[in-house]
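Listed here are the chains, written in short residue letters.
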Amino acid sequence: MTATTETRIAALRTDPALSLLHRSLDVYYGDPERDARMDAFYSRFVSSGDLVFDIGSHVGDHIGSFRRLGARVVAVEPQPLCLRALRAIYADDNQVTVVDAACGARPGRTRLHVNSANPTVSTASPDFVRAAKGAGGWESEVWDADIEVPVVTVDALIETYGVPTFAKIDVEGFEDEVLAGLSRPLPALSFEFTTIARAVADRCLDRLTALGFDGFDVALGDDKSMTFHRWMPATDLATHLHDLPHAANSGDVYCVSGHQAVSTDS
């Protein structure tokens, strides 16, 4: 992180208009050890000069990791406060393109259910909101506002910006809709899963298999550490996700096409 970036984040942390993002900025910025773990983890997928799609950027900590690895980044985010933060943090970085939109199955517009107190779990999926109600660990979450936002497909992003080497998809239960807007395999991507919406992960795995992805592993929570350390079939990973206890809560499934190596550590 450059001194200029640190100064901008410090200003955002004290901006009253961004008070709802202060917690996220504190959590996701300013931890060099976390940054180093992220960079080491993503270096197996991302190299200098690559193009990366960050779909559901929130406040952009993953953008920072991809940029430290030398990648160009297209960041897709529909929340106005998050967009304001992203544009401030990466204002002078011409290798970061911020797209004001949600990602979905087809272009148009959709309703985004905003969790003002915890914007990181805002979602375009009404099913996700319903699944969270009464679920253990989600009792305090409230989606208190709806806004209409534009929708772009991954295919449209590819047509505009090129084919990414890696795509990170983190959109709170809308991941299957994002993948429905992708019609070709990529070298690698990740999608978030939650134990309150396991059927979404099933649909994602089915879609990715149909597209030609053939290797899968999972990292639980925010821990950038693969579970199996090998690329496994989608059916095996689906069984593992269904067997996880509810308390596992969430994680990211990593997917590759045309994989050659047995290990996911390299």
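Values in this document were obtained by computation on a predicted structure and should not be read as measured data.

Section: helix α4 (residues 61-68)
Argument step 1. Burial analysis of α4 places six of its eight residues in the buried class, the great majority of the element.
Argument step 2. Of the positions making up α4, those classed as buried are Asp61, His62, Ile63, Gly64, Ser65 and Phe66.
Argument step 3. Following α4 by one or two positions, glycine 70 has its phi on the positive side, about 90°.

Quick word on the UniProt feature "domain: Methyltransferase FkbM" (unreviewed entry) in the protein chain
Argument step 1. Taken from the UniProt record, the annotation "domain: Methyltransferase FkbM" (unreviewed entry) applies to residues 54-188.
Argument step 2. Taken end to end, residues 54-188 is 29% helix and 26% strand, and its first and last C-alpha atoms sit 13 Å apart.

Comments concerning the sheet that holds strand β6 (residues 145-152)
Argument step 1. Ordered by their spatial adjacency, three strands build an open sheet running β4-β6-β5, and the pairing between neighbours is mixed. Each edge of the open sheet is held by one strand with a lone partner, namely β4 (102-103) and β5 (108-114).
Argument step 2. With two bridges connecting them, β4 and β6 associate as parallel partners. What sits directly across from alanine 102, in β6, is valine 151.

Looking at unusual backbone geometry
Argument step 1. Phi is positive for histidine 229, which is not a glycine, with a value near 60°.
Argument step 2. Among the secondary structure elements, histidine 229 is positioned in the loop between β9 (213-220) and α10 (234-243).
Argument step 3. The class for histidine 229 is partly exposed, based on a relative accessible area of 33%.
Argument step 4. With a phi angle near 70°, asparagine 249 is a residue other than glycine that sits in the positive phi range.
Argument step 5. One can find asparagine 249 in the loop between α10 and β10 (250-257).

Reading the values: rules and limits
Residues numbered from 1 in each chain as written. Predicted model: local features only at pLDDT ≥ 70, side-chain atom pairs only at ≥ 80, totals over all residues. Heavy atoms only, no water. Buried < 20%, exposed > 50% of the residue type's maximum accessible area, 1.4 Å probe, protein only. Helix = DSSP H or I, 4+ residues; strand = E, 2+ residues; numbered from the N terminus. UniProt positions renumbered as here; feature names shortened; annotations may be inferred. Pairing = 2+ DSSP bridges.

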